[in-house]
Amino acid sequence: MTVLVFLDPDHENGRVADASKPQLMATDQGVTRGDGIFETMLAVDGTPRKLSAHLARLAASAEAMDLVIPPAPAWERAIATALAEHPPATELVVRLLVTRGVEGAGTPTAWVQASAPGTSGRQQRETGIEVLLLDRGYDSSVAERAPWLLLGAKTLSYAVNMAALRYAKKQGADDVIFTSSDGRVLEGPTSTVLIATVRDGVKTLTTPLLESGVLPGTSQGALFKTAAEAGWHLGYGPLEPHDLFEADAVWLVSSIRLMAPVRSIDGKEIPVSRELTEELTALLVKGSRD
Ligand SMILES: Cc1ncc(COP(=O)(O)O)c(C=O)c1O
């Protein structure tokens, strides 16, 4: 079951709409051009996790593409309506979507969607994932040089990300780590790369450089805060593929699947640490309550 709540100036808490009926205009630029942005967050027992971080990233994505979107309180009310309308569930996926709206109208189309998570995330969390390194086709400085590519924004133009996932699945892998044309590790199509190294008792958590054109992950941000409090050292790349092979553990981390341990890269097995996964997942969950 999917609950839809449109942000609508005539409905203070959002307008509930029937998800089984058409609700968007065919001329909406979200549809005709993929011109819009989104967020995906987890709600646990009816409470969204990392709500302020998701709303802040939504605002940053909007700013990057000159899109004027409803203010945070309107989103908060619509999210509350969506969660109240959905039958109670331990975990729900809450999506926030905004498009540039119907051509010529000048107002965005904005809605919240609440639905149950699929089963694969939980399974991959437990069994781990096999990933392929795939070339993203641009170098790691392009984000700064060409801001119109919107690399740090979470736009609706995810067809390339989905194509990369399908490509990996056809090769028998579960997921992807993108690399830049100058050989840097970037991110997954829907996740942030994290590596852990433990040397002489010093534990270090490293993620690729944000400036290399990756989406700033809210999970990575939340985890870095609590991990630092727990004594972990933190690092921001640059990372190269050899760093992944030399690490004590590698994960793809995101809001719904949480920490998915990487079991192999391009068919080569890498170390998996159940202990570190449990420790860091607990720190991520702790850091995600806001
Ligand atoms: C490209 C990309 N990188 C990273 C992430 C992880 O972000 P978060 O931890 O906020 O879910 C996502 C999430 O969907 C993503 O699409």
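Residues numbered from 1 in each chain as written. Predicted model: local features only at pLDDT ≥ 70, side-chain atom pairs only at ≥ 80, totals over all residues. Heavy atoms only, no water.

### Focus on the site of the ligand
Threshold: Near residues are defined by distance, with any heavy atom within 4 Å of the molecule or strand qualifying the residue. N or O atoms closer than or at 3.5 Å make up a polar contact, with two conditions inside protein: a donor-capable atom paired with an acceptor-capable one, and, for residues adjacent in sequence, both atoms drawn from side chains. The Shrake-Rupley method, run with a 1.4 Å probe, gives the accessible areas here. Residue values count only the displayed protein chains as cover. Here a helix means four or more residues in a row that DSSP labels H or I, a strand means two or more in a row labelled E, and each is numbered from the N terminus. Classification used: nonpolar for Ala, Val, Leu, Ile, Met, Phe, Trp, Tyr, Cys and Pro, charged for Asp, Glu, Lys and Arg, polar for all others including Gly.
Around the ligand, the surrounding shell holds 16 residues, and the nearest of these are K154, Y158, T218, S219 and S255. Contact distances for the ligand include 3.0 Å between a nitrogen atom and a side-chain N or O atom of E187. In the model, an oxygen atom of the ligand is placed 2.6 Å from a nitrogen or oxygen of the S219 side chain. Against a free-state accessible area of 390 Å², the protein chains account for coverage of 95% of the ligand. Residue assignment for the shell around the ligand shows that the elements contributing at least two residues are α7 (218-229) and β12 (249-254). Considered class by class, the residues forming the shell around the ligand number 4 nonpolar, 9 polar and 3 charged.

### Topic: the environment of D200
Just so we agree on the cut-off: Throughout, exposure labels follow a simple rule: accessible area from a 1.4 Å probe, protein chains only, divided by the maximum for the residue type, with under 20% read as buried, over 50% as exposed, and the rest as partly exposed.
Take D200: it is sitting in the loop between β9 (192-199) and β10 (202-207). D200 sits in the exposed class, given a relative accessible area of 83%. The spacing of D200 and L215 is 15 residues in sequence and 32 Å in space, taken between C-alpha atoms.

### Some thoughts on the domain arrangement of the protein chain
Formally: Domain start and stop positions are those given by an automatic or database domain assignment. Here, residues are in contact when the closest pair of their heavy atoms is within 4.5 Å. Once two parts are put together, the accessible area they lose, assessed with a 1.4 Å probe and summed over both, is termed the buried area. Whenever a carboxyl oxygen of Asp or Glu lies within 4 Å of a side-chain nitrogen of Lys or Arg, that contact is scored as a salt bridge.
One can read the domain layout of the protein chain as domain 1 (2-117) and domain 2 (121-287). Using C-alpha coordinates to define each centre, domain 1 is positioned 26 Å away from domain 2. At the junction of the two partners, domain 1 supplies 24 residues and domain 2 supplies 18 residues. The largest contributions to the domain 1 side of the interface with domain 2 come from F38, K50 and R57, which together make up 39% of the buried area. Our count for the domain 1 to domain 2 interface comes out at 1 salt bridge. Run the count over domain 1 and domain 2 and you get 9 residue pairs in polar contact (both at pLDDT 80 or more). If one sorts the elements of the side of domain 1 that touches domain 2 by residue count, strand β3 (residues 36-44) sits on top with 7 residues.

### Observations concerning the packing of α7 against helix α9 (residues 274-287)
The condition is simple: Angles here are taken between N-to-C directions and fall from 0 to 180 degrees, while the axes themselves are lines fitted to C-alpha atoms, restricted in helices to the stretch in contact. The labels follow the angle: roughly parallel below 35 degrees, roughly antiparallel above 145, roughly perpendicular from 65 to 115, and oblique for the rest.
Where α7 contacts α9, the two axes come as close as 8 Å, and the packing angle between them is 110°. Viewed along their axes, α7 and α9 adopt a mutual orientation that is roughly perpendicular. Only L280, L283, L284, K286 and G287 of α9 make contact with α7, whose side of the interface consists of S219, A222, L223, T226, A227 and E229. Here the residues of the contact of α7 with α9 are counted per class, giving 6 nonpolar, 3 polar and 2 charged.

### Considering the sheet that holds β3
Which entries qualify depends on this criterion: Think of it this way: DSSP has to see at least two bridges between two strands before they count as a pair.
On the basis of which strands lie adjacent, the open sheet formed by 6 strands has the order β2-β1-β6-β5-β3-β4 and antiparallel pairing. Edge positions in the open sheet fall to β2 (11-17) and β4 (47-48), since each of these has one partner strand only. Contacting β3, β4 and β5 (91-99), helix α2 (residues 51-64) runs over the sheet at an angle of about 175° to β3.

### Digging into the environment of S273
Here S273 shows up in the loop between β14 (268-269) and α9. Here the alpha-carbon distance between S273 and V31, two residues 242 residues apart in the chain, equals 42 Å.

### Some points on the pairing of strand β7 (residues 129-135)
Within a regular strand, side chains alternate between the sheet's two faces. Burial analysis of β7 places 5 of its 7 residues in the buried class, which makes it a mostly covered element. Sheet analysis places β7 next to strand β13 (residues 258-265), joined by 3 bridges and oriented parallel. Looking across to β13, one finds that I129 is bridged to V262. The pairing of β7 with strand β8 (residues 175-179) spans 5 bridges and is classified as parallel. Across the sheet, L132 pairs through a bridge with V176, a residue of β8.

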